[in-house]
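# Close look at the chain arrangement
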Amino acid sequence: MTIPPSPRRILVTCDAVGGVWRHALDMARALGPHGVETVLVAFGPEPSAEQRAEARETEGVTFLWFDHPLDWLVAEEAALDGIPAVLEGVADLYDVDLLHLNYPSHARGLATTRPVIVMSHSCMTTWWAALRGGEPPEEFALNARLVREGFARADRVLAPSRSHANALTRAYGSLPSLDVVRNASFARPLPPEPNDGRPTALAIGRWWDEAKNARLLDAAAALASTPVLALGATAGPNGEVVDFRHAEAPGAAAPAETRAALSRAAVFVSPARYEPFGLAVLEAAQEGCALVLSDIPTFRELWDGAATFVDADDAAGFAEAIDRVAGDARVHAWHVAQAQERATRYAPQAQAERLMEIYTEALAAAPEDVMRPARWPMPLPETA
């Protein structure tokens, strides 16, 4: 009889552009009580000073940043050539037990014998299918191949929702090791922030991304009597820019400012057309916002019965729903209670327990590396 292997130190990749950053840090916090240290490796645009400080202050996290580009920002495959050497070098230097890569393409070309687990948080092919339908254009072909090769190299493939897992299967065919591990948020609700007494609606997103449906949100803001605040970047690293004319759009905010804005808002709005999970929705529910969401498969899967759903093309419907929920105290209180109760299903503890099961299975199946000291399986003491 042997003790099942479990990791004590893992390598996790991320970027500093969007929700993957938040996911990676919250995942590290959730794994800490299980005795797991995280070596967090960010690629792409440079993290902000606030992000660096947050990573440094997270217990059990060692943070590294490399300026290799993100796969959806490159036109030539050669731009990613150095990533396998970086990951293998970091894995050896910190003697990690496995690699958890939040960009599937990061698995390409890895020669390590350590288990490689990839998690898809989005990709250009499923983005195109959700927004346009049909075959993606030729300029998406490189990204599709990079992601496909990463899936083929990985020992396990994870998705944050069943809806996104289904989208991956439709896009890439059967993925035998595919599993769902839902995201979680480690945030703690803040006391409600004082405001001028008038309920407000808040939306959060990378608005330069067409999938976030900024134009629809702005059109709804023009029709709603409730003020609408659109928090988040309006210019992206790919050159995309969006302007708001009716919603107030102050730009991106630091994590503490975002949480404070959520605590002031009565309603959280997401008109997204594509969302593999939607971490901001979970944070809004935790902060006591009622939810008005687009009627897409992911939101139905996660929030059915706890949100008001509106067609993603219906600006008037969004405006009506925002005003109705924000303008009636009893209706608002009911929606807040439903959203908060549902948010408890996506607890960090549940996420960490499922990840530990997957890590344990992957380690048990991994070949023994004769170049590393054997740590498992450890024999249990003989019992009478």
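It should be noted that the structure appears before, not after, this text.
Residues numbered from 1 in each chain as written. Predicted model: local features only at pLDDT ≥ 70, side-chain atom pairs only at ≥ 80, totals over all residues. Heavy atoms only, no water.

## As for the overall build of the chain
Selection rule: For the purposes of this entry, the term helix denotes a DSSP run of H or I that reaches at least four residues, the term strand denotes a run of E that reaches at least two, and both are numbered from the N terminus. Based on C-alpha atoms, the radius of gyration is set beside the globule rule, defined as 2.2 Å times the residue count to the power 0.38. Accessibility here uses a 1.4 Å probe with only protein chains present; expressed as a share of the type maximum, an area under 20% marks a residue as buried, one over 50% as exposed, and anything in between as partly exposed. Any two residues whose heavy atoms approach within 4.5 Å at even a single point are treated as in contact. To be clear on the numbers: accessible area is Shrake-Rupley with a 1.4 Å probe, and residue cover counts the displayed protein chains and nothing else. Just so you know, the count uses Lys and Arg for positive and Asp and Glu for negative, and it drops His and the chain ends. Think of each charge as sitting on NZ of Lys, CZ of Arg, CG of Asp or CD of Glu.
Broken down by element type, the chain carries 13 helices and 15 strands. Against the 2.2 N^0.38 benchmark of 21 Å for 384 residues, the chain shows a C-alpha radius of gyration of 21 Å, consistent with a compact globule. Dimensions of the chain, computed from C-alpha atoms along their principal axes, come out at roughly 65 × 55 × 40 Å. Split into buried and exposed, the 384 residues of the chain put 54% on the buried side. A separation threshold of at least 6 residues defines the contact pool for the chain, and within that pool the share at least 24 residues apart is 69%. With an accessible surface of roughly 17,000 Å², the chain has 52% of that area assigned to carbon and sulfur atoms. The distance from the centre of the 33 positive side-chain charges to the centre of the 51 negative ones in the chain is 3 Å.

## Quick look at helix α1 (residues 19-31)
Just so we agree on the cut-off: Expected helix span is taken as 1.5 Å per residue step, with the number of steps being one fewer than the number of residues.
The first and last C-alpha atoms of α1 sit 18 Å apart over 13 residues, in line with the 18 Å expected at 1.5 Å per residue. Within α1, 11 of the 13 residues are buried, which leaves the element mostly enclosed by the surrounding structure. Every buried residue belonging to α1 is among V20, W21, R22, H23, A24, L25, D26, M27, A28, A30 and L31, and all of these are buried.

## Side note on the packing of aromatic side chains
What counts here: Paired rings are identified among Phe, Tyr and Trp, the last through its six-membered ring, by centres lying within 6.5 Å, and are further divided according to the angle between planes into stacked (under 30 degrees), edge-to-face (over 60) and tilted (the rest). Any Lys NZ or Arg CZ that is within 6 Å of a ring centre and within 35 degrees of that ring's normal is treated as a charge sitting over the ring.
Considering all chains together, one arrives at nine aromatic pairs under this definition. With a centroid separation of 5.3 Å and 85 degrees between ring planes, the pair formed by F151 and Y172 is classed as edge-to-face. Of this pair, F151 sits in helix α5 (residues 141-153) while Y172 sits in helix α6 (residues 162-172), and the two are 21 residues apart along the sequence. Assessed through its relative accessible area of 6%, F151 is described here as buried. Taken together through their ring pairs, the aromatic side chains of W127, W128 and F140 make up a single cluster. Lying over the aromatic face of W128, R132 brings its terminal NZ or CZ to 5.3 Å of the ring centre. In this structure, R300 is placed above the aromatic ring of F309, and the distance from its NZ or CZ to the ring centre is 4.1 Å.

## Points about the environment of T258
With respect to the helices and strands, the residue T258 is situated in helix α8 (residues 255-264). For T258, a relative accessible area of 13% corresponds to the buried category. The spacing of T258 and A280 is 22 residues in sequence and 9.7 Å in space, taken between C-alpha atoms. Setting aside its immediate chain neighbours within four residues, T258 contacts I204, L231 and A253.

## Points about the sheet that holds strand β5 (residues 98-101)
Filter applied, for reference: Two strands qualify as a pair provided DSSP detects at least 2 bridges between them. Only the stretch in contact is used when a helix axis is fitted, and all axes are lines through C-alpha atoms; the angle between N-to-C directions ranges over 0 to 180 degrees.
Here we have seven strands laid out as an open sheet, ordered β4-β3-β2-β5-β6-β7-β8, and parallel in their pairing. Strand pairing shows two members of the sheet lacking a second neighbour, β4 (61-66) and β8 (178-180), which therefore form its edges. Pairwise comparison of adjacent strand axes, ignoring direction, gives a mean angle of 20 degrees for this sheet. In this sheet, β5 lies alongside strand β2 (residues 9-15) in parallel orientation, the contact comprising three bridges.

## A word on the sheet that holds strand β9 (residues 201-204)
Here we have six strands laid out as an open sheet, ordered β11-β10-β9-β12-β13-β14, and parallel in their pairing. Each edge of the sheet is formed by a strand with only one pairing partner; in this case those strands are β11 (248-251) and β14 (308-310). Strand-to-strand twist across the sheet, computed as the mean angle between neighbouring axes with direction ignored, equals 25 degrees. As paired strands, strand β10 (residues 228-231) and β11 are joined by two bridges and run parallel to one another. Counterpart to L229 in the pairing with β11 is E248. Those strands touched by helix α11 (residues 315-327) are β9, β10, β12 (267-270), β13 (290-294) and β14, and its axis lies near 170 degrees from that of β13.

## Structural notes on the nonpolar core
Cut-off, in case you're wondering: Among buried residues, those of type Ala, Val, Leu, Ile, Met, Phe, Trp, Tyr and Cys that are joined through side-chain atoms within 4.5 Å constitute a nonpolar core.
Counting residues in hydrophobic clusters, the biggest one holds 34 residues, and the most contacted among them are L11, L87, L99, L101, V118, F151 and L168. At the level of elements, β3 (37-43), α3 (83-93), β5, β6 (116-119), α5, β7 (156-159), α6 and β8 are the ones that each hand at least two residues to this core. Ranked by residues supplied to this core, first place goes to α3 with five residues. V12, L25, A30 and L98 belong to the second largest nonpolar core, which has 30 residues in total.

## What about unusual backbone geometry?
For D95, which is not glycine, the phi torsion reads 50 degrees and is therefore positive. Structurally, D95 is set in the loop between α3 and β5. Residue D95 is classed as partly exposed on the basis of its relative accessible area of 24%. Positive phi is not limited to glycine here, since N213 has a value of about 65 degrees. Structurally, N213 can be placed in the loop between β9 and α7 (214-223).

## So, the side chain of R156
Inclusion rule: Within 3.5 Å is the distance limit for a polar contact, defined as a pair of N or O atoms, with the added protein rule that one can donate a hydrogen and the other accept it, and that residues adjacent in sequence qualify only through two side-chain atoms.
Relative to the elements of secondary structure, R156 occurs in strand β7. Residue R156 is classed as buried on the basis of its relative accessible area of 15%. One polar contact links R156 to E361, side chain to side chain, over a distance of 2.8 Å. The residues contacting R156, other than those within four sequence positions of it, are V116, I117, V118, S177, D179, R354, I358 and E361.

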